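Close look at the chain arrangement
What follows is the residue order along each chain.
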Amino acid sequence: QVQLVESGGGLVQAGGSLRLSCAASGSIFRIHGMGWHRQAPGKQRELVAGITSGGSTNYADSVKGRFTISRDNAKNTMYLQMNSLNPEDTAVYFCNAEVQTARWYGRNNYWGQGTQVTVSS
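Tracing the chain through its elements places Asn96 in strand β9 (residues 91-100). Given a relative accessible area of 10%, Asn96 falls into the buried group. For Asn96, the side chain forms a polar contact with the side chain of Asn109, separated by 2.8 Å. Dropping the residues within four chain positions of it, Asn96 is found in contact with Leu4, Gly33, Met34, Gly35, His37, Met78, Asn109, Tyr110 and Trp111.

Shown next, in the form of structure tokens:
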């Protein structure tokens, strides 16, 4: 099986920064696309940023210019650098990954448990 563990969340004042990490472990042959999602209270989960295995990225309009997604394929780890945070960024942040567990297997989608980010005004 595959486990995704997020870390780096916390409480920060508006205008501050946080860096989230998502570490994948377990039976991993190859990790394809990865992404960060968030869910605020009473709202649907939304995609924040995604990154392909080759490093191509995409962002939600609300975070463009403020957040940067990256990954270290050697460490099976993904990051989200969040700058200029505002209270609207308050949410539980989840990582997900498309993982191939063996050469002859297809891809499965895995999710982490989430990490809370709270931005105070």
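The discussion continues.
For the structure on display, the rule yields five salt bridges. With its nearest N and O atoms 3.0 Å apart, the salt bridge here joins Asp89 to Arg38. Taken together, the residues Asp89 in the loop between β8 (77-82) and β9 and Arg38 in strand β4 (residues 30-39) connect sequence positions 51 residues apart. Relative accessible area serves as the criterion here: at 1%, Asp89 is assigned to the buried category. Residue class for Arg38 comes out buried when judged on its relative accessible area of 6%.

Reading the values: the criteria
- Starting afresh in each chain, residues are numbered from 1 along the sequence in its written order.
- Totals for whole chains, interfaces and linings use every residue, but because this is a predicted model, local features are given only for residues with pLDDT of at least 70 and side-chain atom pairs only at 80 or more, for both listing and counting.
- Each side-chain value is worked out from all heavy atoms of the structure, with water and hydrogens disregarded.
- Think of it this way: any DSSP run of H or I at least four residues long counts as a helix, any run of E at least two long counts as a strand, and we number them from the N terminus.
- Classification of residues uses two cut-offs on accessible area relative to the type maximum, computed with a 1.4 Å probe and protein chains only: under 20% is buried, over 50% is exposed, and between them is partly exposed.
- The term polar contact refers here to a pair of N or O atoms within 3.5 Å; inside protein, the definition further demands a hydrogen-donor-capable atom paired with an acceptor-capable atom, and it admits residues adjacent in sequence only when both atoms are side-chain atoms.
- Residues count as neighbours in contact if any of their non-hydrogen atoms are within 4.5 Å of one another.
- Salt bridges are identified by distance alone: a Lys or Arg side-chain nitrogen within 4 Å of an Asp or Glu carboxyl oxygen.

Take it as geometry only, folks, not as evidence of what the structure does.
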